[in-house]
Amino acid sequence: MAFLENQNEEPGFISKRVHRRMFMKYAGAAAATSAFLVAGCKDDEEVDKGMPDAEVDLGSGDTGVLNYAYALEQLEAAFYTAVVAEASFTSIFNDEEQTVMRDLMAHEITHREFFKAALGTNAIPGLEVDFSSINFADKASVLGAAKTFEDLGVAAYNGAGKLLTDGNLLLAAGKIVSVEARHAAAIRDLIDPKSASFSGDDVVDANGFDKAMVPADVLSAAATYVKTKINASNLPTS
Amino acid sequence: MNLLKLMQSLDLSKIDQEEFLKPALRRQLFKKAGDFSLKAALTSAPIATMAFPKIVKAQSSIVVETLNFALTLEYLEDEFYKMGLAASNLIPVEDRTIFMQIGKHETAHVNFLKTALGESAVAMPTFDFTAGGAFADAFSNYATFLALSQSFEDTGVRAYKGQAGNLLNDNDTLTAALQIHSVEARHASEVRRLRGKASNMAIKGWITNDESNGAPAAIYEGEDNTTHAGADISTLSTLSDISMAGKTESFDEPLTKEQVLAIVDPFIA
């Protein structure tokens, strides 16, 4: 558990614990999972050696697709929560950037809680994240990760639309994906202002199409940031 | 010219059925029909093969209609940016990269849709971006140009979103529409933030409540909705820390075709 292993050694300890706590606070995880995470915090080594991570099955049909989206929103919400909770947040980001980050945190939490409510008892538990590859005290690291998450979110929703059978759910997903695309453009513009990057040739092809990715590819790309094993094998494929 | 009437008068008999009968459609129709009475209708029909062509034709017609609707909006955007980029002393040199990128995508969208529609593609209307004089300085005042750009991009996002349901049974076309939809949203975000800075208005990349920031109010009508797929997020206890502004920013709303056509109609000469 790389995320936990780092806790005992370096100055990042405090902030990382804060991130983790903030994630749990906002994660809305099922009680049992929270208990597991809390237990993990108390005795990292034991968890590390003895307990394999429980696998989360997204499920099948429209429910599975919603759980897939819920998983991604959990990841994004946890990320921005950690960004805003960083002790140096107000010193490394200017006012505009702080507003963007706080807005994105609010939006992703809203998305997450929407899916959790929509899924009810079918919702997967709270996922355990691993942001050890991100330096939350470094602007470029945070913006780079935000760009990855937002572009991935857009591609994920674009690829998942066809997997849904219920028109109301497709519409809800459509309402969210365009907000993710708005985020992606804003983050890209913060990184590279007034360039073509907001809708760059690296994500938009010659037909003027954004990316669309299948769940397996999305989850593979996201795996760096998620400790919990996710089983997407029961998702629809068309 | 009334665009709504133009769209309604489309000669659907000219549709090249084959063009829209992508190989996967038949398969998808049965698979996707799972939750609908359509499946029962298909399987219980005495002679299923007789019922099938009729459904496919209807399906195909609605796809053509939807794509032509999209094409009309893309023509509008494409032409708008071509004229804007051609106008002298309009777009500041430091902002040209942004509008060249947007214009490039709108041209690509037009070309894609025209190719997909083949002979069924509608012709480009004649546009009047002054809307009969309401925006007389559309191509001489950057503030007006930005307001119109924001208007067209946000309308485009809402228009595509409103049509997604019509493509539910055509996976390939649905995915293509979604891939265009998110690009329009990227454009909208960029232009909104650019306009916010240029005008000192507090315009974010995302839409707060139903605020129009000086653009036509009809474009933002209903953007303050908080009920999605039957769930009202305004009452969720888990979101008590999130402001109503934040909740409404989190979801973009669709517009019906009629609403969109009413918005763009003043720009059709």
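Remember, it's a predicted structure, so these values are computed and weren't measured experimentally.

Here we come to the overall build of chain A. Across its full length, chain A holds 10 helices and 2 strands. Secondary structure of chain A in N-to-C order comes out as α-α-α-α-β-α-α-α-α-α-α-β. The 238 residues of chain A split such that 50% are buried.

The next point concerns the overall build of chain B. Helix and strand counts for chain B come out as 10 helices and 2 strands. For chain B, the succession of helices and strands along the chain, N to C, is α-α-α-α-α-α-α-α-β-β-α-α. Each of the 269 residues in chain B was classed as buried or not, and the buried ones make up 44%. When contacts within chain B are restricted to residue pairs at least 6 apart in sequence, those whose partners lie at least 24 apart make up 71%.

The next point concerns the nonpolar core. It is characteristic of soluble globular proteins that their nonpolar side chains tend to be buried jointly. Counting residues in hydrophobic clusters, the biggest one holds 133 residues, and the most contacted among them are A:Y68, A:A69, A:L75, A:F79, A:A173 and B:A177. Each residue touching A:F79, except ones within four places of it in the same chain, is listed here: A:F131, A:A145 and A:F149.

Across the contact, 48 residues belong to chain A and 56 residues belong to chain B. A per-element tally of the side of chain A that touches chain B places helix α9 (residues 167-191) of chain A first, with 18 residues. Looking at the side of chain A that touches chain B, its residues break down into 23 nonpolar, 16 polar and 9 charged.

This next bit is on the confidence of the model for chain B. Residue and element names in this part refer to chain B. Looking at chain B as a whole, its pLDDT mean stands at 84, while 78% of the residues score no less than 70. Across residues 6-59 the pLDDT falls below 50, and counting only partners more than four positions away or on other chains, this stretch makes 51 contacts in the model. Under the prediction, the complex receives an ipTM of 0.82, its pTM being 0.82.

Turning our attention to the packing of helix α5 (residues 61-85) of chain A against helix α8 (residues 139-160) of chain A. Residue and element names in this part refer to chain A. Where α5 meets α8, the closest approach of the two axes is 11 Å, and the angle between their N-to-C directions is 165 degrees. Classified by the interaxial angle, the pair formed by α5 and α8 is roughly antiparallel. Both α5 and α8 take part in a crossing whose hand is left-handed. Residue-level inspection shows V65, Y68, A69, L72, L75, E76, F79 and V83 of α5 in contact with α8, the latter providing V142, A145, F149, G153, A156 and A160.

A few words on the environment of A:A78. All names here are of chain A. Among the secondary structure elements, A78 is positioned in helix α5. On the neighbour-count criterion, A78 (28 C-beta atoms within 10 Å) is buried. Distance from A78 to V226, taken between C-alpha atoms, is 11 Å for residues 148 residues apart in sequence.

Looking at chain A as a whole, the pLDDT averages 84, with 78% of positions reaching at least 70. Within the model, the stretch residues 1-50 of chain A combines pLDDT values under 50 with 61 contacts to residues more than four positions away or in other chains.

Residue and element names in this part refer to chain B. A positive phi is found at N89, a non-glycine position, where the angle reads about 60 degrees. By the secondary structure assignment, N89 is in the loop between α5 (48-86) and α6 (96-117). On the basis of neighbour count, N89 is assigned to the exposed category, with 8 C-beta atoms found within 10 Å.

Residue and element names in this part refer to chain A. Tracing the backbone shows H183 in helix α9. Note: C-alpha distance between H183 and I92 (91 residues apart in sequence) is 20 Å. Excluding residues within four positions of it along the chain, H183 makes contact with L104 and E150.

It is worth spelling out the packing of helix α7 (residues 95-119) of chain A against α9(A) at this point. Residue and element names in this part refer to chain A. For the pair α7 and α9, interaxial distance at closest approach is 11 Å and the crossing angle is 160 degrees. Comparing their axes, α9 and α7 come out roughly antiparallel. Crossing of α7 over α9 shows left-handed handedness. Together, E97, V100, L104, H107 and H111 of α7 and I176, V179, H183, A186 and L190 of α9 make up the contact between the two elements. Taken together, the residues that form the contact of α7 with α9 break down as 6 nonpolar, 3 polar and 1 charged.

Over its 25 residues, α9(A) extends 36 Å from the first C-alpha to the last, a length consistent with the 36 Å expected when each residue adds 1.5 Å. A large share of α9(A) lies buried, amounting to 22 of its 25 residues.

Checked against the element boundaries, B:S243 lands in the loop between β2 (231-232) and α9 (244-249). Taking the C-alpha atoms as reference, B:S243 lies 40 Å from B:G132; in sequence the two are 111 residues apart.

Procedures and definitions
Residues numbered from 1 in each chain as written. Chains lettered and ligands numbered in written order. Predicted model: local features only at pLDDT ≥ 70, side-chain atom pairs only at ≥ 80, totals over all residues. Helix = DSSP H or I, 4+ residues; strand = E, 2+ residues; numbered from the N terminus. Buried ≥ 20, exposed ≤ 12 C-beta atoms within 10 Å, placed from the backbone. Contact = placed C-beta atoms within 7 Å. Core = buried A, V, L, I, M, F, W, Y, C linked by C-beta atoms within 7 Å. Nonpolar A, V, L, I, M, F, W, Y, C, P; charged D, E, K, R; others polar. pLDDT = per-residue confidence, 0-100. Axes fitted to C-alpha atoms, helices over the stretch in contact; angles between N-to-C directions. Parallel < 35°, antiparallel > 145°, perpendicular 65-115°, else oblique. Left-handed = near helix turned anticlockwise from the far one by under 90°. Expected span 1.5 Å × (residues − 1).

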